[in-house]
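Topology and contacts: notes
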4 protein chains.
Amino acid sequence: MVITAPRVDRESLLDHYRRVRAATEALAAPLSDEDQCAQSMPDASPSKWHRAHTTWFFETFVLAPFVNGYQAHDPKYSYLFNSYYEAIGERHARPERGMLTRPSSPQVGAYRRAVDDAMESLIAERGDSLGRTIEDRIVLGLHHEQQHQELLLMDVKHAFSRNVYDPAYRRSSSAPGGASPTSASREPRPRGTEEASGGGARWVEHGGGMVEIGHAGGSFAFDNEGPAHIALLPPFAVADRLVTCGEWKAFIADGGYQRPELWLSDGWHTARRDGWEAPLYWERDGTSDGFTMLSLDGRRAVADDEPVVHVSHYEADAYAHWTGYRLPTEQEWETIAVLQPTAGNLLDGESLATAPLHPTAAPAPNSRGVEMRQCFGDVWEWTGSAYLPYPRFRAAEGAIGEYNGKFMSNQIVLRGGACVTPRDHVRPTYRNFFYPHQRWMFAGVRLARDLDFHTNS
Amino acid sequence: MVITAPRVDRESLLDHYRRVRAATEALAAPLSDEDQCAQSMPDASPSKWHRAHTTWFFETFVLAPFVNGYQAHDPKYSYLFNSYYEAIGERHARPERGMLTRPSSPQVGAYRRAVDDAMESLIAERGDSLGRTIEDRIVLGLHHEQQHQELLLMDVKHAFSRNVYDPAYRRSSSAPGGASPTSASREPRPRGTEEASGGGARWVEHGGGMVEIGHAGGSFAFDNEGPAHIALLPPFAVADRLVTCGEWKAFIADGGYQRPELWLSDGWHTARRDGWEAPLYWERDGTSDGFTMLSLDGRRAVADDEPVVHVSHYEADAYAHWTGYRLPTEQEWETIAVLQPTAGNLLDGESLATAPLHPTAAPAPNSRGVEMRQCFGDVWEWTGSAYLPYPRFRAAEGAIGEYNGKFMSNQIVLRGGACVTPRDHVRPTYRNFFYPHQRWMFAGVRLARDLDFHTNS
Amino acid sequence: MVITAPRVDRESLLDHYRRVRAATEALAAPLSDEDQCAQSMPDASPSKWHRAHTTWFFETFVLAPFVNGYQAHDPKYSYLFNSYYEAIGERHARPERGMLTRPSSPQVGAYRRAVDDAMESLIAERGDSLGRTIEDRIVLGLHHEQQHQELLLMDVKHAFSRNVYDPAYRRSSSAPGGASPTSASREPRPRGTEEASGGGARWVEHGGGMVEIGHAGGSFAFDNEGPAHIALLPPFAVADRLVTCGEWKAFIADGGYQRPELWLSDGWHTARRDGWEAPLYWERDGTSDGFTMLSLDGRRAVADDEPVVHVSHYEADAYAHWTGYRLPTEQEWETIAVLQPTAGNLLDGESLATAPLHPTAAPAPNSRGVEMRQCFGDVWEWTGSAYLPYPRFRAAEGAIGEYNGKFMSNQIVLRGGACVTPRDHVRPTYRNFFYPHQRWMFAGVRLARDLDFHTNS
Amino acid sequence: MVITAPRVDRESLLDHYRRVRAATEALAAPLSDEDQCAQSMPDASPSKWHRAHTTWFFETFVLAPFVNGYQAHDPKYSYLFNSYYEAIGERHARPERGMLTRPSSPQVGAYRRAVDDAMESLIAERGDSLGRTIEDRIVLGLHHEQQHQELLLMDVKHAFSRNVYDPAYRRSSSAPGGASPTSASREPRPRGTEEASGGGARWVEHGGGMVEIGHAGGSFAFDNEGPAHIALLPPFAVADRLVTCGEWKAFIADGGYQRPELWLSDGWHTARRDGWEAPLYWERDGTSDGFTMLSLDGRRAVADDEPVVHVSHYEADAYAHWTGYRLPTEQEWETIAVLQPTAGNLLDGESLATAPLHPTAAPAPNSRGVEMRQCFGDVWEWTGSAYLPYPRFRAAEGAIGEYNGKFMSNQIVLRGGACVTPRDHVRPTYRNFFYPHQRWMFAGVRLARDLDFHTNS
């Protein structure tokens, strides 16, 4: 799972462990026991399940195999909190997770503390001589837990959307849009193309050719980010910012959700069956083109200049078709991303507890126009690439090998990282993946286009 | 809804109101906030939903129409806690009740107290001059709440059955069977007929003829118990006790769940589709004919002499077919029940909080053999009667009229009352009703048979 | 199955056999091989399946057990053409009947001829000494086949309704309504009550008391029509004619399909889920209250004076609720029906092949007003009675016992017989039964009401 | 749709038109009207629907737009026989195609003849001056019809599999396996790897590098085969023949269908849900490792040396995982295929009517070992490539543009062509595509593996 990550000393590892574990509890803190227990759809999980499952990971893959005489905290937890590891055995049915009124949320807290004690003893006692396998698994477990921090926020948002009170997870003073939704332009822009190529988004161009793709080692990465390899790209350009809500309103106003010619066949059937007429969490506000949306701040007006979020791949593809452009491939995206001087508005892992949990409007472009104004940490960006193994990819043996490889069918790669993504998961080679119909993750859209070969001269 | 119930004075009504309302809270007290929030199937509701819905009933049908200037405690509660009253307006989808993490359980408690304050003020201020309509609605609301007390226990039991811990709602020192399951006879009795007609159950005979059916007034009854009327019955007999778990094991051992000739066609298809092989909550214990079952005491061995419970009408009918007898009609049941000197082991409404919440073995028969040893308060007894209006039945106008009449299709009448039924709901004319496939209520079986006409001479 | 039917001589039996068998083939004659192969819903069967299944009945219950050395025509037919007899063994899944492109329709014809040859030999060779069991089974088989003649017409009509061509099964010169739909009154009548009690329908009154119900022997009847027994009825009246399409339009115009207070709860959910807005096969014709409907004559205008047909029990009950009256019980219906001097416009079994296959308008009332103008042979009439066994009913042993008894749950009794019902199935004691949501049979509505007891003086 | 296909003269076009159209009718000839009417699953269509839909294509895209005053043969056919073209308007629901008893099969024949007359007049009258658009559409329509010839055979096979008679579409004297199934080795070979790399299959190696992919013009191709472009491949090898049924039996015997670690997650869930234990149409023959399978010749024993067919992508991937190898990418497959001296055992389009409709065993390898023994025309071969647009692909405008592009999500590319594929559809660049769970097409497996870079020296 881990590609040539550097060795760390005991103190660093202990600190890393404590920071990540504490961050999870901080994220769950605003939630009542009832909030932590509900499951609003089969794809989502209760908050306390996330808290227990991430703990189960350490118990199953570190404590049980490497601590002599380790006794499971509760022998039924292996059944209850296994997510999808077939090699570990039978497990609780996913859609039944909302039935887990017991163990209670405080009992899950006790479970976390007990495993933390055992883990910290393990790290402390063995000191810097901790074996490479153990260390790798601990680091993997921490990255795994950070993935669930994001899932926890996604799932809370979805659960709140099913509640008539439109609850706020956390009030923020910086929420966009609420103050003056009327200041946004109400003129639908024809196809958004002028905007995307002119005063609005600008194209970041690349001449194509041989490029290096994938994570080459030296720091932590998931197995699906490798092996690093060479790919061949034709000339292309990608927009320097994300598609905005204002542009999406123009798509809606132009009948985007009613025109089958814009959609993939499977997407059209899904959109008709499920009655899609706008991004998830949007509701019309009673005016002809105004919408409100649920955010983790509660429900508020949609601001035209913020990036659109909670759209499926099908919607992203239809939107791109409507503009005449297309989605970038994951190779194109990565090629541009690695050239950025900074990783953008990266979020600090510890600070998800205080960061704004919504994407923000792109800053004004700089004069050079070759950098991307908005690249990491706002929304996950749909690519046009199916989630498949890189050439020569091999999954690890055993249960750990189930982490990524077995999901390499029917899903689409997303790149970039969102406002609810821990910092450690925002890097140019990171491959996120979801089914093309899913919408509850923080996913948005960046456009791309072909360049003529002669522009490459 | 109320058939000529006697007028009550202010103090009695206040006392009645307080007792019923307190009993609900006492039943919910052993449950955590998480326990109270989960919904384990669409037929069931979260405990706190029951607590809120019964409160909504008083707010909607008493406070809102009869208290000048009454302000709803929360304007969204009318949407959230309306169960099925079309005349009141749109309502929260039934299968979504488990999403109600908010209002929280304490907020529901505050709602109950606020409505109690308003109700007690209404009763106290108007004194004995409270109008008949108001008084009737208050009494109806209290009986309605007692129905939900039973539903709350049914639903908790079902939710606990989905939990890997087999939790106990309340430990009891008197639970049958746990101590010595091996003391029960393990010899399958052929068809249970000797048992039912001989040393075990005995037949209580009736010569048939004109009998009076239904509630004739003088005390509270639901509208579906009237009008009282005359029916004509052929000679018949009913067993003086319920079918036991030991007898049911013999049915299982004789292939009862594998023999289509014993079953109604719809029952057979349901049993095959859902994989029924024993009553709900039974699990094989590893021996050839032994079973454990989940009770509100937790999981324990099935005792041979306790009444079988949690069987569907389809199973009850197949069992009766297997014995060569049949289920009683609701008229036969009522005719015998009104002749009993006592209403049996009736439970006190207030004392559900301390009563054993499981049916108990029948006492030994007395020498006369014409009384029923077991009649009220163990399990609801399936009849062979479809739930239809009595002759000349008319539902009340308006939303209150939706209480019973609109359910008079596709359901089957049950009589008698169960160990989880409040005392006020145990009377000879009471008509309970469920769909023939449902099993989560405390329903069991009493046998009946035809007598020759000449036995009537 | 057969209640004390008289013995018949060989010639009569042969003639009976030939007439019924030929009538089936005559009914199938207008259909192409493709028409005979399609299955338009799980409740319906292909025409050739009906032709084969009725033949299988004779092969299975007469030839196989009673003819020495009888060889099955095709050993797979026992699997393919068993409808629901569990005792006979495994069978082809009902919803798969449309996959039976083989055996072909001509092969089914050959099967029929082969079985007919064997049956006729059996009858001829044994002569008048044919055993009672054999004779009873032959007669049962012929009545069974006549039931399938009606099913064949129902199923053809449904299949044609799924075809964009609105095909006609048979053109008739007497089809009502087509000529001048505008001649019908377009004034919605308030609630139809004046009509039902005044110039339109008239009430046929009965004083109630002890009445005899059920078939007492002397001619063929199905087992579910007995045993004959005494019932006790309060005073009542039934309308002397069926509810008309004109009256139904008034129900629609008054919002009948949009008002939950008129409906049973299960009915309302079914109507909402399936989008009912009018009887099955009705379509709006573009005017405000005009409709066309599919009949076996093809699509034509709905005539106001013809009886409404293809309504579910839920719709029938809602309609009755709307008028303020109710549906008759099956005992009330039978009590009045046996008093009629004739069985009404009975259809001749042989002549279904030429009869009009639609219900006709009621004749003008006679001066006495105590007879029913319309009682048999127009539409099956929904009663308010659940389909349950009569007191002391016992199903026959073995596969034959599966004929009726195992369906005695969840269904509703219909009485009277329809325009597509063979004459032999139109009698006062006949109990037809369908689920309350079903609409593809020819079912309509007659109203009933309570009379005061003093009218009985 | 057509990439720079050469112009053809009138006579060639007429001849082409007549040959393809006649081949369709020849394929349908062995089927009865009933066989042609049934629809055995939503993915499949009745034979006569294929005959009508291919005719509708010419009527809609050639006759209607380009023949002045053309009158539709039947105005309802545009609704009935539109497959999925949203731009053409509403259409008959796909799962309802089996309800089309009318138009009858002979009426579909008349439709074909009428359109053929109009088409031949168009071609003959305009002569060689037929416009490029018209000519392109005619050629496209003929290729489209050939695709439906294959679909017709697939769908007939599936429909026959639902018939208890295991009908033969056409008896063949050359069917493999039937004679001596016992002659096949019954020893399970461990993982099949020795077989695949040794005495059995041999590896055809390629050093990787820049390769040209896609159709470059000069003859007919579908739009999804272009644009031609350069790709970069690492060194690889592909097996010189297909995976055989004998090898697949070893996979089954080694628990291949019971071991989740071999499967993609979505594949495992599908296999469990649908109860897969062998390829579609296989049934155990009662011996420990013997199977029969349904072919278009009827049911017969599975021969060990014939290629496995009717496996899903999920099964293909699990099999490859079991061997330790993998599926080829579509680029790898095409790179090797274009190097073959012949297109293998190509089938003649006209002769599908007489060709064996089953894949055949691979011939013995030649001495050089660098050519593929089995490449075209046995089974479609699953690749590891998602079906996505080639770089710079653009769908055509209008309804014709719906032909391929809108399906570019969730599907997997197959290459090669099957024994039921018309010759014109067997070429190195052809991209077939199906969902990874589908099995009713003639799909099999070829293995591939990575080569070390140094083997490329």
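Cut-offs used in this document
- Residues numbered from 1 in each chain as written.
- Chains lettered and ligands numbered in written order.
- Predicted model: local features only at pLDDT ≥ 70, side-chain atom pairs only at ≥ 80, totals over all residues.
- Heavy atoms only, no water.
- Helix = DSSP H or I, 4+ residues; strand = E, 2+ residues; numbered from the N terminus.
- Buried < 20%, exposed > 50% of the residue type's maximum accessible area, 1.4 Å probe, protein only.
- Contact = heavy atoms within 4.5 Å.
- Areas by Shrake-Rupley, 256 points an atom, 1.4 Å probe, with all protein chains shown as cover.
- Phe/Tyr/Trp six-rings, centres within 6.5 Å; stacked < 30°, edge-to-face > 60°.
- Lys NZ or Arg CZ within 6 Å of the ring centre and 35° of its normal.
- Buried area = accessible area lost by both parts, 1.4 Å probe.
- Salt bridge = Lys/Arg side-chain N within 4 Å of Asp/Glu carboxyl O.
- Polar contact = N/O pair within 3.5 Å; in protein donor to acceptor, adjacent residues only side chain to side chain.
- Least-squares fit on C-alpha atoms with pLDDT ≥ 70 in both.
- Nonpolar A, V, L, I, M, F, W, Y, C, P; charged D, E, K, R; others polar.
- Lys, Arg positive; Asp, Glu negative; His and termini not counted.
- Pairing = 2+ DSSP bridges.
- Axes fitted to C-alpha atoms, helices over the stretch in contact; angles between N-to-C directions.
- Expected span 1.5 Å × (residues − 1).

A few words on the overall build of chain A. For chain A, the count of helices and strands is 10 helices and 12 strands. Residue burial in chain A is summarised as follows: out of 457 residues, 60% are buried. In chain A, of all internal contacts separated by at least 6 residues, the share reaching a separation of at least 24 is 81%. When the accessible surface of chain A is summed, it comes to about 16500 Å², and 51% of that surface belongs to carbon and sulfur atoms.

As a further point, take the packing of aromatic side chains. The final tally for this structure, using the stated rule, is 124 aromatic pairs over all chains. Measuring from ring centre to ring centre gives 5.4 Å for Y319 of chain A and W322 of chain A, while their planes differ by 50°; the resulting arrangement is tilted. With Y319 of chain A and W322 of chain A both in helix 9 (residues 313-323), this residue pair falls 3 residues apart, about one helical turn. With relative accessibility at 1%, the residue Y319 of chain A sits in the buried group. Ring geometry for W333 of chain D against F376 of chain D: centres 5.8 Å apart, planes inclined by 90°, an arrangement best described as edge-to-face. Placement of W333 of chain D in helix 10 (residues 330-337) and of F376 of chain D in the loop between helix 10 and strand 8 (380-386) is noted, with a sequence separation of 43 residues between them. An identical accessibility class is assigned to W333 of chain D and F376 of chain D; each is buried. Sitting over the ring of Y390 of chain C, R431 of chain C keeps its end group 3.9 Å from the ring centre. Lying across the ring of W49 of chain D, R97 of chain D places its NZ or CZ 3.6 Å from the centre.

Taken residue by residue, the interface counts 32 residues in chain B and 32 residues in chain A. For the pair chain B and chain A, the summed buried surface comes to about 2600 Å²; carbon and sulfur atoms form 49% of the total. When the area that chain B buries against chain A is broken down by residue, the three leading residues are E34, R102 and Y165 of chain B, summing to 30%. Along the contact surface separating chain B from chain A lie 6 salt bridges. Across the pair K48 of chain B and E34 of chain A runs a salt bridge, and its minimum N-O distance is 2.5 Å. Linking chain B to chain A there are 16 residue pairs in polar contact (both at pLDDT 80 or more). It is helix 3 (residues 77-80) of chain B that contributes the most residues to the side of chain B that touches chain A, 3 residues altogether.

Let us now look at the relation of the copies chain B and chain A. Here the second copy of the chain follows from the first by a rotation about an axis and a shift along it. Mapping chain B onto chain A calls for a screw motion: a turn of 180° about the axis and a shift of 0.1 Å along it, with 0.0 Å RMSD after fitting. Seen this way, the second copy is the image of the first under a two-fold rotation axis. It is E34 of chain B whose C-alpha, among those of chain B, lies nearest the rotation axis, at 2.5 Å.

What follows is about the interface of chain A and chain D. A common way to state how big an interface is: give the accessible area lost once the parts meet. Listed by partner, the interface residues are 36 residues for chain A and 35 residues for chain D. The junction of chain A with chain D conceals about 2600 Å² of combined surface from both sides, 50% of it contributed by carbon and sulfur atoms. The largest per-residue losses of area from chain A upon contact with chain D belong to L232, R392 and N410 of chain A, which jointly make up 24% of the total buried on that side. Counting across the chain A and chain D interface gives 0 salt bridges. Linking chain A with chain D are 16 residue pairs in polar contact (both at pLDDT 80 or more), by the criterion used here. Elements represented by at least two residues in the side of chain A that touches chain D include exactly strand 3 (229-233), helix 8 (265-274) and strand 8 (380-386) of chain A. Of all the elements, helix 8 of chain A adds the most residues to the side of chain A that touches chain D, at 4 residues. Of the residues assigned to the side of chain A that touches chain D, the class counts are 20 nonpolar, 8 polar and 8 charged.

This part takes up the pattern of salt bridges. Applying the stated criterion across every chain yields a total of 124 salt bridges over all chains. A salt bridge links E86 of chain B to R91 of chain B, with the nearest nitrogen and oxygen atoms 3.2 Å apart. Here E330 of chain C makes a salt bridge to R431 of chain C, at a shortest N to O gap of 2.8 Å. One end of the pair, E330 of chain C, is in helix 10 (residues 330-337); the other, R431 of chain C, is in the loop between strand 9 (412-415) and strand 10 (432-434), and 101 residues separate them in sequence. Each member of the pair, E330 of chain C as well as R431 of chain C, carries the same accessibility label: buried. Overlapping salt bridges, with partners in common, bring together R21, E25, R51, R112, D116 and E145 of chain A in one network.

A few words on unusual backbone geometry. That bond from R102 of chain B to P103 of chain B is cis: its omega, 5°, falls within 30 degrees of zero. Looking at where P103 of chain B falls in the secondary structure, it is placed in the loop between helix 3 and helix 4 (105-126). Residues G226 of chain B and P227 of chain B are joined by a peptide bond in cis, for which omega reads 0°. In this fold, P227 of chain B is placed in the loop between strand 2 (209-213) and strand 3 (229-233). Phi angles above zero are rare outside glycine, and D166 of chain A is one such case at about 45°. Within the secondary structure layout, D166 of chain A lies in the loop between helix 5 (132-161) and helix 6 (193-197).

All names here are of chain B. With respect to the element layout, K157 can be found in helix 5 (residues 132-161). One buried charged side chain, K157, makes no salt bridge at all; its nearest oppositely charged neighbour is D297, positioned 8.5 Å away. Contacts of K157, omitting those with residues within four sequence positions, involve Y281, L294, S295, L296, H310 and F442.

A word on the side chain of K48 of chain D. Along the chain, K48 of chain D falls in helix 2 (residues 47-66). A relative accessible area of 4% places K48 of chain D in the buried class. Only 2.7 Å separates the side chain of K48 of chain D from the backbone oxygen of L100 of chain D, close enough to count as a polar contact. Ignoring any residue separated from it by four or fewer positions in sequence, one finds K48 of chain D in contact with E34 of chain C together with Q36, C37, L100, T101, R102, P103, S104, S105 and V108 of chain D.

What follows covers the sheet that holds strand 1 (residues 203-206) of chain A. All names here are of chain A. If you trace the 3 strands from one edge of the open sheet to the other, you get 1-4-12, paired in antiparallel fashion. Each edge of the sheet is formed by a strand with only one pairing partner; in this case those strands are strand 1 and strand 12 (448-450). Neighbour to neighbour, the strand axes of the sheet diverge by 20° on average, direction disregarded. The pairing of strand 1 with strand 4 (residues 236-239) spans 4 bridges and is classified as antiparallel. What sits directly across from V204, in strand 4, is V238. Across the sheet, helix 10 (residues 330-337) lies against strand 1, strand 4 and strand 12, angled at about 75° from strand 4, the strand it touches most.

Turn by turn, an α-helix covers 3.6 residues, leaving residues three or four places apart pointing in a common direction. All names here are of chain A. Spanning 19 residues, helix 1 (residues 10-28) covers 28 Å between terminal C-alpha atoms, matching the ideal 27 Å at 1.5 Å per step. Among the residues of helix 1, those classed as buried are L13, L14, H16, Y17, V20, R21, A23, T24, L27 and A28. Considering only its buried residues, helix 1 is in contact with helix 2 (47-66), helix 4 (105-126) and helix 5. Of the residues flanking the start of helix 1, the one acting as N-cap is D9, its side-chain oxygen 3.2 Å from the backbone nitrogen of E11.

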